[in-house]
Amino acid sequence: MDERDAPTDSPDKPAAKAVEAQSGAMVPIANRAASELTRLCAQTRVAGLHLVATPIGNLGDITLRALAVLAVADVIYAEDTRHSGRLLSHFAIKAKLRPYHEHNAERERPAILAALENGESVALISDAGTPLISDPGYKLVRECLAAGHTVDSIPGPSAPLAALVASGLPTDTFLFSGFLPTKTRARKARVEELASIPSTLILFEAPSRVSDTLRDLADGLGDRQAVVARELTKLNEEFARGRLSELITDFQNRDRIKGEIVIVVSPPLPTELSDADLETRLVEALNEMSLRDAAKAIADDLGVPRKRVYELGLTLRRTTGDAN
Ligand code: SAM
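Just so we're clear, the structure is a prediction, and the values are computed from it rather than from any experiment.

(A) The overall build of the protein, seen in detail. Assigned secondary structure in the protein consists of 12 helices and 10 strands. The globule rule puts the C-alpha radius of gyration for 324 residues at 20 Å, and the 25 Å found for the protein is more than 25% above it. In the protein, which comprises 324 residues, the share counted as buried stands at 30%. Considering only contacts within the protein whose residues lie at least 6 apart along the sequence, 73% involve residues at least 24 apart.

Put into structure tokens, the structure is as follows:
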């Protein structure tokens, strides 16, 4: 399936012994997990819509409850049945599998509601992670609730939280903003909206766009601390940490960026700089360089948005009549 199934190097002898000893110790744990799973399967066939989180790269991250709910479901809806079919067959789950994605959702919802009306247990999964998080299911949940059906969540892996908790950035308040718009104007406008939010920001991005996005973020948010979390839970998992400017250099120097990516950006500096502070710096800098260069230098240095410094410079120019 993914890199998690790639062959590992053959273990040397002491390592092989350690593995043997460990696998002995694993027997009671495996037995306990099996009986817990059996108990859950006997309990879990509940009529309703079950939103089941599945691994984001490492099959070991499936939960016992996810296995139980999927095993006893009358039907499992998945975004991509071929992809999810591989997950289900890995765990020998044989439930009926049907597609639910943006192109058939409108058509499929009445069938799902009818199944729930008949007292069936319906599970919804996405290709990876938690359904509805930048994945289909929101309208389905709304309609199921409006019709009075049970909707529950079988929690588990989700890329935004996996990235946040290992980012080293504040976790007390955070904003998940999915994918930024791809069109430049809408994208810059969204980054501008995000600039004033006093929280850690979490974004999804495609590998082909990561360098551009880091640049847009640096322009709009200032040179904040950030983390690019790549290939979470897989063999080549990576957390690249640094200021946005450092990450830009790092990623634009890479040949080819592969894998799935979450970007986490720190909140604005707690000691927000006042306009007066910035104007003092501007007056000094404008003696030596153009407004454009001064805005960039100050923004990079203080971690404030370049646009803010540039606009303050324009106002300063108008009020002082400085032609620079
Ligand atoms: N619902 C999913 C979840 O809860 O994680 C997210 C689905 S969204 C369509 C897919 C995006 O999630 C990817 O483009 C990437 O930004 C992020 N993602 C998913 N798996 C990832 C992983 N293993 N490592 C890093 N990012 C991942």
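So that's the structure; there's more coming.
(B) Structural context of the site of the ligand. Taken together, 21 residues surround the ligand, and among them Gly129, Ala159, Phe204, Leu232 and Glu260 come closest. Contributing elements (two or more residues each) for the shell around the ligand: β7 (200-205) and β10 (261-265). Residue composition of the shell around the ligand, grouped by class: 9 nonpolar, 7 polar and 5 charged. Two domains share the shell around the ligand, each providing at least three of its residues, namely domain 1 (30-157) and domain 2 (160-265).

(C) Representation of the sheet that holds strand β3 (residues 96-99). Spatially, the 5 strands line up as an open sheet ordered β3-β2-β4-β1-β5, and their pairing is parallel. Strands at the two margins of the open sheet, each flanked by one partner only, are β3 and β5 (151-154). Taken pair by pair, the neighbouring strands of this sheet meet at an average axis angle of 25 degrees, ignoring direction. Here strand β2 (residues 75-78) runs beside β3; their pairing, made up of 4 bridges, is parallel. Residue pairing across strands places Ile76 opposite Leu97, the latter belonging to β3. Contacting β2, β3 and β4 (121-125), helix α3 (residues 81-90) crosses the sheet at an angle of about 155 degrees to β3.

(D) Layout of the packing of helix α8 (residues 210-221) against helix α9 (residues 244-252). At a minimum axis separation of 9 Å, α8 and α9 run at an interaxial angle of 160 degrees. With respect to α9, the axis of α8 lies roughly antiparallel. Between α8 and α9 lies a crossing of left-handed hand. On the side of α8, the interface is formed by Val210, Ser211, Leu214, Arg215, Leu217 and Ala218, while α9 contributes Leu244, Ser245, Leu247, Ile248, Phe251 and Gln252.

(E) Fine view of the domain arrangement of the protein. Segmenting the protein into domains produces domain 1 (30-157), domain 2 (160-265) and domain 3 (275-320). Each of domain 1 and domain 2 has a C-alpha centre, and these two points are 30 Å apart. With 8 residues of domain 1 at the contact, the number on the domain 2 side is 9 residues. Here the side of domain 1 that touches domain 2 is composed, by residue class, of 4 nonpolar, 3 polar and 1 charged.

(F) Here's a closer look at the sheet that holds strand β8 (residues 225-230). The 5 strands lie next to each other as β6-β7-β10-β8-β9, forming an open sheet whose pairing is mixed. At either end of the open sheet lies a strand with only one pairing partner, and these are β6 (174-179) and β9 (238-243). This sheet shows a mean twist of 15 degrees between the axes of neighbouring strands, independent of strand direction. As paired elements, β6 and β7 share 4 bridges and run parallel to each other. Each residue of the ladder has a partner; that of Phe176, found in β7, is Ile202. Running over the sheet, α9 touches β8 and β9 and is turned about 130 degrees from β9.

(G) Molecular detail of the environment of Lys296. Turning to its location among the elements, Lys296 is positioned in helix α11 (residues 291-302). The exposure class of Lys296 is partly exposed, given the 17 C-beta atoms found within 10 Å. Separated by 10 residues in the primary sequence, Lys296 and Arg306 have C-alpha atoms spaced 5.8 Å apart.

(H) How the structure looks around the packing of helix α7 (residues 184-195) against α8. Look at α7 against α8: their axes get within 9 Å of each other, and the N-to-C directions meet at 50 degrees. With respect to each other, α7 and α8 are oriented oblique. Relative to α8, the crossing made by α7 is right-handed. Residues Arg187, Lys188, Val191, Glu192, Leu194 and Ala195 of α7 lie in contact with α8, whose contacting residues are Asp216, Leu217, Gly220 and Leu221. Residues that form the contact of α7 with α8 fall into these classes: 5 nonpolar, 1 polar and 4 charged.

How each quantity is defined
Residues numbered from 1 in each chain as written. Predicted model: local features only at pLDDT ≥ 70, side-chain atom pairs only at ≥ 80, totals over all residues. Helix = DSSP H or I, 4+ residues; strand = E, 2+ residues; numbered from the N terminus. Rg over C-alpha atoms; globule rule 2.2 N^0.38 Å. Buried ≥ 20, exposed ≤ 12 C-beta atoms within 10 Å, placed from the backbone. Contact = placed C-beta atoms within 7 Å. Near = placed C-beta within 6 Å. Nonpolar A, V, L, I, M, F, W, Y, C, P; charged D, E, K, R; others polar. Domains from an automatic or database assignment. Pairing = 2+ DSSP bridges. Axes fitted to C-alpha atoms, helices over the stretch in contact; angles between N-to-C directions. Parallel < 35°, antiparallel > 145°, perpendicular 65-115°, else oblique. Left-handed = near helix turned anticlockwise from the far one by under 90°.

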